[in-house]
Amino acid sequence: MKPRAMTDYITELHPEETTCTVCPGSVHLQKDIKISGKARIITMNGVIENVSTYYRKCPQCRMMYRYQEWKDSLHNFDDHVILNLELCIYLRHNLQNSVSVSKVLNSLESLRKVKFPPRDTILHAYCHFEALTSHAYSYSCVCCGYYPPVVVMDLHKKGVFNLPVSDLKQPSENFPCKVNIEDFWDSVQLEMISRGFFQSQMRAGCPYDCGQEKRMLDFFLTRIC
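Bear in mind the structure is a predicted one, so any value in this text is a computation, not a measurement.

Caption draft 1: Highlighting the pairing of strand β2 (residues 33–43). In this sheet, strand β3 (residues 46–57) lies alongside β2 in antiparallel orientation, the contact comprising 7 bridges. Looking at the pairing, Ile 42 lines up with Val 47 of β3. What sits between β2 and β3 in their antiparallel hairpin is a turn of 2 residues. Where β2 lies against strand β6 (residues 81–84), 3 bridges are found, and the strand directions are parallel. Across the sheet, residue Ile 42 finds its bridge partner in β6, namely Leu 83.

In structure tokens:
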């Protein structure tokens, strides 16, 4: 992916759709409605301020269409924070090499002498990008198959948290000790995507409404061999 100059980005972000993709026939969308004139594009070179974002609405089904065009090398998170795709890929490569998002942003701030948005906002925007990206899952254990149920923690300290043993409750006798891993990770992806549209109530833990028994099983049983 070739880097782009700060002046190469468009600052008026309109949805590309002109007709509704849900309603039968060619139902034309209503005129553009402005969401914000203070949105920001976050790039490897700095922050572009005062970006305008717009949406269109179908007059029949009321479906709303917002700007989301990766062909412009942009990923729209919540109509207020837009990430450059080069930054998204850069964050991915750093995470794959055990470098956190906050450390990457600290380095970019020090290098570019600019202030980036809060770290959590960038992290959620990046997760939103990954949740909308198609990923190939090719891992398979020779003993356990495609979805291994065994936990091996090793030295991954970032996955550890303090929890007194007295706070853990034994599961009920009739609780089925099985986890649908596909449903679990689908719910994680939906939580990431929904952050771009709704204010999330989840800070940590299970991304969907479930009891402690389900959370414990999901945490301890859905890890690689």
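Caption draft 2: Up close: the pairing of β6. Here β6 shows two buried faces, one formed by Val 81 and Leu 83 and the other by Ile 82 and Asn 84. Pairing of strand β5 (residues 74–76) with β6 involves 3 bridges; the strand directions are antiparallel. Residue Leu 74 lies in a different strand from β6, and its bridge partner there is Asn 84. Joining the antiparallel neighbours β5 and β6 is a turn of 4 residues, in which Asp 79 adopts a positive phi near 70°.

Caption draft 3: Structural context of the pattern of salt bridges. Counted according to the given criterion, the structure contains 6 salt bridges. Across the pair Lys 71 and Glu 16 runs a salt bridge whose closest N-O atoms are separated by 3.5 Å. One end of the pair, Lys 71, is in the loop between β4 (64–66) and β5; the other, Glu 16, is in the loop between β1 (12–13) and β2, with 55 residues separating them in the sequence. Within the structure, one salt-bridge network assembled from shared partners comprises Glu 16, Lys 71 and Asp 72.

Caption draft 4: Here's a closer look at the confidence of the model for the chain. For the chain, the mean per-residue pLDDT works out to 80, and 75% of the residues sit at or above 70. Contacts from residues 201–225, a stretch scored under 50 in pLDDT, to residues over four places away or in other chains number 57 contacts.

Caption draft 5: Representation of the environment of Asp 79 in the model. In this fold, Asp 79 is placed in the loop between β5 and β6. By relative accessible area, Asp 79 is classed as buried at 11%. Separated by 25 residues in the primary sequence, Asp 79 and Tyr 54 place their C-alpha atoms 8.1 Å from one another. Asp 79 has contacts with Ile 35, Ser 36, Ala 39, Thr 53 and Arg 66, leaving out every residue within four places of it along the chain. Polar contacts involving the side chain of Asp 79 include one to the side chain of Asn 76, which spans 2.8 Å.

Caption draft 6: Structural context of the packing of aromatic side chains. Within the structure shown, the criterion is met by 2 aromatic pairs. Each ring, one from Trp 70 and one from Phe 129, has its centre 5.3 Å from the other, and the planes form 45°; the classification is tilted. Here the residue Trp 70 occupies a position in the loop between β4 and β5, and Phe 129 occupies one in helix α3 (residues 119–131), the gap between them amounting to 59 residues. What makes Trp 70 partly exposed here is its relative accessible area of 32%. Seen in terms of ring centroids, Tyr 126 and Phe 129 are 6.4 Å apart; in terms of plane orientation they differ by 35°. Their pairing is tilted. With a gap of 3 residues between them, Tyr 126 and Phe 129 both fall in helix α3, about one helical turn apart. Judged by its relative accessible area of 7%, Tyr 126 falls in the buried class.

Caption draft 7: How the structure looks around the side chain of Asn 94. For Asn 94, the position within the fold is in helix α1 (residues 85–96). Reaching out from Asn 94, the side chain makes a polar contact with the backbone oxygen of Tyr 90 at a distance of 2.7 Å. Once you skip the residues sitting within four places of it in the chain, Asn 94 turns out to touch Val 99 and Val 104.

Caption draft 8: Structural context of the packing of helix α2 (residues 101–112) against α3. Interhelical geometry of α2 versus α3 gives an angle of 115° and a closest axis separation of 10 Å. In this structure, α2 meets α3 at a crossing whose hand is right-handed. On α3, the residues touching Val 101, Ser 102, Leu 105, Asn 106 and Glu 109 of α2 are Arg 119, Ile 122 and Leu 123. Split into classes, the residues belonging to the contact of α2 with α3 amount to 4 nonpolar, 2 polar and 2 charged.

Calculation notes
- Per chain, residue numbering runs from 1 following the sequence as it is written.
- Per-residue local features of the predicted model are confined to residues with pLDDT of at least 70, and side-chain atom pairs are confined, for both listing and counting, to 80 or more; whole-chain, interface and lining totals are unaffected and use all residues.
- Excluded from the side-chain calculation are hydrogens and water; included are all heavy atoms of the structure.
- Two strands qualify as a pair provided DSSP detects at least 2 bridges between them.
- Every helix listed is a DSSP run of H or I at least four residues long, and every strand listed is a run of E at least two residues long, numbered separately from the N terminus.
- Accessibility here uses a 1.4 Å probe with only protein chains present; expressed as a share of the type maximum, an area under 20% marks a residue as buried, one over 50% as exposed, and anything in between as partly exposed.
- Here a salt bridge means any side-chain nitrogen of Lys or Arg lying within 4 Å of a carboxyl oxygen belonging to Asp or Glu.
- pLDDT measures how confident the predictor is about each residue, on a scale from 0 to 100.
- The contact criterion used is simple: two residues touch if any of their non-hydrogen atoms lie within 4.5 Å.
- N or O atoms closer than or at 3.5 Å make up a polar contact, with two conditions inside protein: a donor-capable atom paired with an acceptor-capable one, and, for residues adjacent in sequence, both atoms drawn from side chains.
- Pairs were defined over the aromatic rings of Phe, Tyr and Trp, the Trp ring being its six-membered one, requiring ring centres within 6.5 Å. Orientation was assigned from the angle between planes: stacked under 30 degrees, edge-to-face over 60, tilted for the rest.
- Lines fitted to C-alpha atoms define the axes, with helix axes restricted to the stretch in contact, and inter-axis angles between N-to-C directions lie between 0 and 180 degrees.
- Crossings are sorted by hand: turned counterclockwise from the far helix by less than a right angle, the near helix makes the crossing left-handed, and turned clockwise it makes it right-handed.
- Lys, Arg, Asp and Glu make up the charged group, whereas Ala, Val, Leu, Ile, Met, Phe, Trp, Tyr, Cys and Pro make up the nonpolar group; the residues left over, Gly among them, are polar.

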